[in-house]
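In case you want the letters, here they are:
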Amino acid sequence: MSEHPDPGDGRHIDRALGDLHGEAAGIDVRDPDTAWPIAPGITPAIGAPTDAAPTTYYDLPVVKIAPWKAYIPTYFAIGGLAGAAASLAGVLELGARTRSTRALPHTLHAIATLGEAAGAALLIADLGRPTRFHHMLRVFRPTSPMNLGTWILSAASATSALGWLAALRGRRSPPVLSVAGIVSGALLSTYTGVLIGNTAVPLWHATRRAVPPWFAALSVASLGSTLELIAPAHPVTRVYSIAGKTAQLATGLAVASAARTAGVDGPLRPPRGGSRSSALWRTATLLGAAGLVASLWPTRGRRASLLAGALGLASTVLGRFAITEAGRASAADPRATFTPQRAAARP
Amino acid sequence: GFHLTGMSYDNTAALGASTWRHVTFAERPLDPEGSAGGGRIAWKMMSDVCKHCERAGCLEACPTGAILRTEHGSIYIQPDVCNGCGYCVPACPFGVVARRDDDGRAFKCTLCYDRLQGQLEPACAKACPTDSIQFGPLDELRARAADRLASLAAKGQRVRLYGESAAAQPGTGGLHAFFLLDDDPEVYNLPPAPVVPTIGAGSSWLAAAAGALGMAAIALGSALVARRSR
């Protein structure tokens, strides 16, 4: 009879006979049968039977899906909105002379600070070991967009909080703080585009130049939509919103085009029957166009602004989820990896 | 004919957080579909593992600095530093690393770092009964591989090396764990031309800077238009 009871983790190691040392010893194994799910809940978006690269390994994925939950695309949306708010606040502050013209920057600082705090909470919640979140700031690693992003989020949070604090006290922000807010806010809204492009997921990597400007446009459009909901009468709202929504549609077209050129746009435009990512993409695009039309509509009124804001906000949030879901489908499809690489290797 | 699934031998299906070495097993039809050849099937096997790339996507993506290169040239994830962000997982061009849902951290082949510290060869090389898995200094292995390639090619076999040098695989700078294959890489679920995602990050950051400038420009333009309308 062993004095060392089975730890019950499924590995059935009798501690009297065998000791656990080495790299694999410290792994917390609670569910050995599902150590790694192959492709949880994903049906690979396999292309039409006339694909150029017929060989795959039983249609199993070759690269892996990012193991992120819904916290991450939600963070893209909230962080983008916060970054746009920080940027616009800084710009308005630099030109604001009277207390009344500082009212909107005050609100924007609040949106930015709260959004950045919520964003940090979302990121921490998604970690596999949330109590070790501070390890993100152990190093400064320029090769990793996620590491740079942690520093950017920290800087943006600090500047937004200081800006909000100054506004609460009725004081002007010093110009250097406004400039810091503009820069850190704009980086906060765009680095996430670089982050997903810096992966082996075929669709994300192929659109790595188109997605960061699209994320910037989504951020502006989402802030414009928010302003249409909370400050529709402010002179900045309408032109900012129209500019953002127009940029959103234009850069969105560029993303789809980049994916199509690389031959990996299957998740965005599937064959009949649809897929989750293409449905999200289509809906986001349609809502974005509808939101732009609503913003441009000549008859101004509270209800019109609310409609424009709601449509715009919905389209920007769905857009974040669309590109994330499209990345999952792209990673699950081995042909998306094999075909472009094989085509590039051919002379 | 047979319903080929590969599951008769390969029930792990891929590398992952627990399957640090897994054997790809492909039942490859030798004759074209519908031919009179009798449906011959070849069994192709390849022992797949973390490639310990010269330029490693996981290492360059890791934001905590948990992933580092050891003194033995291998890539190692420090389990006491990793906070389970999972960014290394999609960054690997070969789909090697995975994050365990129950533990939270990312794991992969360590090249038996603990055995190497004790001057032992990795367990897989030790265990392999046919000495298919070989361990040693890279230049020695490359020389052995070149000899083996030449002798097999002289017998008329269609063989090739995969990832044996930076020249052969510029996207990863060459692999510290490379392979001798007798078919296309895709048959073994290997990407034909893998590229570390960080190559090409420069243009992505430039695009982000352009987006950032665009945001600031829209903000400035809107502010100016608003001022004129007061």
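Residue numbering note: each chain is counted from 1, following its sequence as written. Chains and ligands are labelled sequentially in the order written, the chains with letters from A and the ligands with numbers from 1. Only residues with pLDDT of at least 70 are given local features in this predicted model, and only at 80 or more are side-chain atom pairs given and counted; all residues enter the totals for whole chains, interfaces and linings. Heavy atoms from the whole structure form the basis of all side-chain values; hydrogens and water molecules are not counted.

Go over the overall build of chain B with me, naming the residues and quoting the values.
Put simply, DSSP H or I for four residues or longer makes a helix, DSSP E for two residues or longer makes a strand, and each gets a number counted from the N terminus. Along the backbone of chain B there are six helices and eight strands. For chain B, the α and β elements follow one another from N to C terminus as β-β-α-β-β-α-β-β-α-α-α-β-β-α. Radius of gyration here is computed from C-alpha atoms only, and the compact-globule reference equals 2.2 Å multiplied by the residue count raised to the power 0.38. Compactness check: chain B gives a C-alpha radius of gyration of 23 Å against a globular reference of 17 Å for 230 residues, more than 25% above the reference. Seen along its three principal axes, the alpha-carbon backbone of chain B occupies a region of about 85 × 55 × 40 Å. Buried positions account for 52% of the 230 residues belonging to chain B. Whether two residues are in contact is decided by their heavy atoms, any of which lying within 4.5 Å being enough. Taking all contacts inside chain B whose residues are at least 6 apart in sequence as the whole, residues at least 24 apart take part in 49%. Note that His is not counted, nor are the chain ends; the positive residues are Lys and Arg, and the negative ones are Asp and Glu. By convention, charge coordinates are those of NZ in Lys, CZ in Arg, CG in Asp, or CD in Glu. Here chain B holds 22 positive side-chain charges and 23 negative ones, and the gap between their average locations is 8 Å. For every residue, the accessible area obtained with a 1.4 Å probe (protein chains only) is divided by the maximum for its type, and the residue is called buried under 20%, exposed over 50%, and partly exposed between those limits.

Now, about the overall build of chain A: what can you tell me, with residues and values included?
Along the backbone of chain A there are 10 helices and zero strands. Helices and strands appear in chain A in the N-to-C order α-α-α-α-α-α-α-α-α-α. Counting only residues that meet the buried cut, chain A has 50% of its 347 residues in that class. Of all intrachain contacts in chain A linking residues separated by at least 6 positions in sequence, the fraction that spans at least 24 positions is 74%.

Could you give me a rundown of the interface of chain B and chain A, with the residues and numbers involved?
Taken together, the contacts link 91 residues of chain B with 82 residues of chain A. Accessible area that two parts lose when put together, with a 1.4 Å probe and added across both, is what the buried area reports. With both chains or domains summed, chain B and chain A bury close to 6,900 Å², and 61% of this area falls on carbon and sulfur atoms. For the chain B face of the interface with chain A, the top three residues by lost area are Tyr87(B), Trp205(B) and Met215(B), together amounting to 11%. Salt bridge, as applied in this entry: a Lys or Arg side-chain nitrogen positioned within 4 Å of an Asp or Glu carboxyl oxygen. Taken together, the connections running from chain B to chain A amount to two salt bridges.

I'd like to hear about the side chain of Asn147(A), residue by residue, with values.
Mapping Asn147(A) onto the fold places it in helix α3 (residues 145-168). Owing to a relative accessible area of 0%, Asn147(A) belongs among the buried residues under this scheme. What qualifies as a polar contact is a pair of N or O atoms within 3.5 Å, subject to a donor-acceptor requirement within protein and to the restriction that residues adjacent in sequence count only when both atoms come from side chains. A polar contact of 2.6 Å, which involves the side chain of Asn147(A), links it to the backbone nitrogen of Arg141(A). Look past the residues within four positions of Asn147(A) in its chain and what remains in contact with it is Met136(A), Val139(A), Phe140(A), Arg141(A) and Pro63(B).

Requested: an account of α3(A), with residues and values cited.
A rise of 1.5 Å per residue sets the reference length of α3(A), with its 24 residues, at 34 Å; its end C-alpha atoms lie 33 Å apart and thus fit the reference within 8%. Positioned one or two residues after α3(A), Gly170(A) has a phi angle of 75 degrees, which is positive. By definition here, a helix of n residues has an expected span of 1.5 Å times n minus one.

Tell me about empty space enclosed by the protein, and name the residues and values.
Picture a little ball the size of a water molecule; that probe, rolled over the atoms, points out where space is still empty. A 1.4 Å probe that fits but cannot get out identifies a cavity on a 1 Å grid over protein atoms alone, an open set with protein on both sides within 12 Å along at least five of seven lines counts as a pocket, and a residue lines either if it has an atom within 4 Å of a point. Grid points are joined across faces, edges and corners, and a volume is the space filled by probe spheres set on the points. Inspection of the entire model under this criterion finds five cavities of 30 Å³ or more. Approximately 110 Å³ is the volume found for the largest cavity. Taken together, 14 residues make up the lining of the largest cavity; nearest its centre are Pro61(A), Val62(A), Ala14(B), Gly95(B) and Asn189(B).

Let's hear about the pattern of salt bridges: which residues, and what values?
Applying the stated criterion to the full structure yields 15 salt bridges over all chains. Note that Asp103(B) is salt-bridged to Arg129(A), the shortest N-O span being 3.3 Å. One end of the pair, Asp103(B), is in the loop between β5 (98-99) and β6 (106-107); the other, Arg129(A), is in the loop between α2 (103-126) and α3, on a second chain. Assessed through its relative accessible area of 3%, Asp103(B) is described here as buried. Taken together, the shared-partner salt bridges connect Arg129(A), Asp103(B) and Arg105(B) into one network.

Explain the confidence of the model for chain A to me, and be specific about the residues and the numbers.
A low pLDDT score tells you not to read the predicted coordinates there in detail. Residue and element names in this part refer to chain A. The pLDDT score gives, residue by residue, the confidence of the prediction method on a 0 to 100 scale. When pLDDT is averaged across chain A, the result is 88; 87% of the residues are at 70 or more. By mean pLDDT, helix α10 (residues 334-345) is the weakest element of chain A at 89, and helix α6 (residues 211-230) is the strongest at 98. Counted against residues more than four places away or in other chains, residues 37-53, with its pLDDT under 50, gives 22 contacts.

Outline the packing of aromatic side chains, supporting the account with residue identities and numerical values.
Within a pair of aromatic rings, the relevant descriptors are the distance that separates the centres and the angle that separates the planes. Ring pairs are drawn from Phe, Tyr and Trp, using the six-membered ring of Trp, whenever the two centres fall within 6.5 Å, and their geometry is named by plane angle: stacked under 30 degrees, edge-to-face over 60, tilted for the rest. Here the structure, examined in full by the defined rule, presents nine aromatic pairs over all chains. With a centroid separation of 5.3 Å and an interplanar angle of 50 degrees, the aromatic rings of Trp214(A) and Trp281(A) are classed as tilted. Within this pair, whereas Trp214(A) is found in helix α6, its partner Trp281(A) is found in helix α8 (residues 276-296), the two being separated by 67 residues in sequence. Trp214(A) gets classed as buried once you look at its relative accessible area, which sits at 4%. Its relative accessible area of 10% is what places Trp281(A) among the buried residues. Seen from their ring centres, Phe25(B) and Trp43(B) are 5.4 Å apart, and the 65 degrees between their planes marks the pair as edge-to-face. Placement of Phe25(B) in strand β1 (residues 21-29) and of Trp43(B) in strand β2 (residues 41-49) is noted, with a sequence separation of 18 residues between them. Taking the relative accessible area as the measure of exposure, Trp43(B) reaches 60% and is therefore exposed. Ring-pair connections join several aromatic residues into one group, and the members of that group are Tyr75(A), Phe76(A), Trp214(A), Phe215(A) and Trp281(A).

I'd like a description of the packing of helix α7 (residues 235-261) of chain A against α8(A), backed by residues and values.
All names here are of chain A. Every axis corresponds to a line fitted to the C-alpha atoms, with the helix fit spanning only the stretch in contact, and the corresponding angles, defined between N-to-C directions, vary from 0 to 180 degrees. Where α7 meets α8, the closest approach of the two axes is 9 Å, and the angle between their N-to-C directions is 150 degrees. Considering the angle they form, α7 stands roughly antiparallel to α8. Here α7 runs over α8; the crossing is left-handed. Every residue of α8 that contacts α7 at Arg 238, Ser 241, Ile 242, Lys 245, Thr 246, Gln 248, Leu 249, Gly 252, Val 255 and Ala 256 is listed here: Trp 281, Thr 285, Gly 288, Ala 289, Gly 291, Leu 292, Ser 295 and Leu 296. Amino acid classes used here: Ala, Val, Leu, Ile, Met, Phe, Trp, Tyr, Cys and Pro are nonpolar; Asp, Glu, Lys and Arg are charged; the rest, including Gly, are polar. Classifying every residue of the contact of α7 with α8 by side-chain character gives eight nonpolar, eight polar and two charged. Angle categories: roughly parallel below 35 degrees, roughly antiparallel above 145, roughly perpendicular from 65 to 115, and oblique for all the rest. Here a crossing is called left-handed whenever its near helix is offset anticlockwise from the far helix by less than a right angle, and right-handed whenever the offset is clockwise.

So what about the nonpolar core? Which residues, and what values?
Nonpolar side chains in soluble globular proteins generally cluster together in the buried interior. In terms of nonpolar packing, the biggest core is built from 46 residues, with Ile67(B) and Phe94(B) touching the most fellow members. Among residues more than four places away in sequence, those in contact with Ile67(B) are Arg141(A), Cys58(B), Leu59(B), Cys62(B), Ile75(B), Tyr76(B), Ile77(B) and Cys88(B). Only buried residues count toward a nonpolar core, which is a set of Ala, Val, Leu, Ile, Met, Phe, Trp, Tyr and Cys residues joined through side-chain atoms within 4.5 Å. Grouped together as the second largest cluster of nonpolar side chains are 45 residues, Leu153(A), Ile196(A), Trp204(A) and Tyr87(B) included.

Tell me about the environment of Gly149(A), and please be specific about residues and values.
Of note, Gly149(A) is situated in helix α3. Put simply, Gly149(A) and Thr192(A) are 43 residues apart on the chain and 7.4 Å apart in space, counted from C-alpha to C-alpha.

Go over the packing of α2(A) against α6(A), please, and point to the residues and values.
All names here are of chain A. Their axes nearest at 13 Å, the elements α2 and α6 cross at an angle of 120 degrees. Taken together, α2 and α6 sit at an angle that is classed as oblique. Viewed along their axes, α2 and α6 form a crossing whose handedness is right-handed. Of the residues in α6, those in contact with Leu 104, Thr 107, Leu 108 and Ile 111 of α2 are Leu 223, Leu 227 and Ile 230. In terms of residue class, the contact of α2 with α6 is made up of six nonpolar, one polar and no charged.

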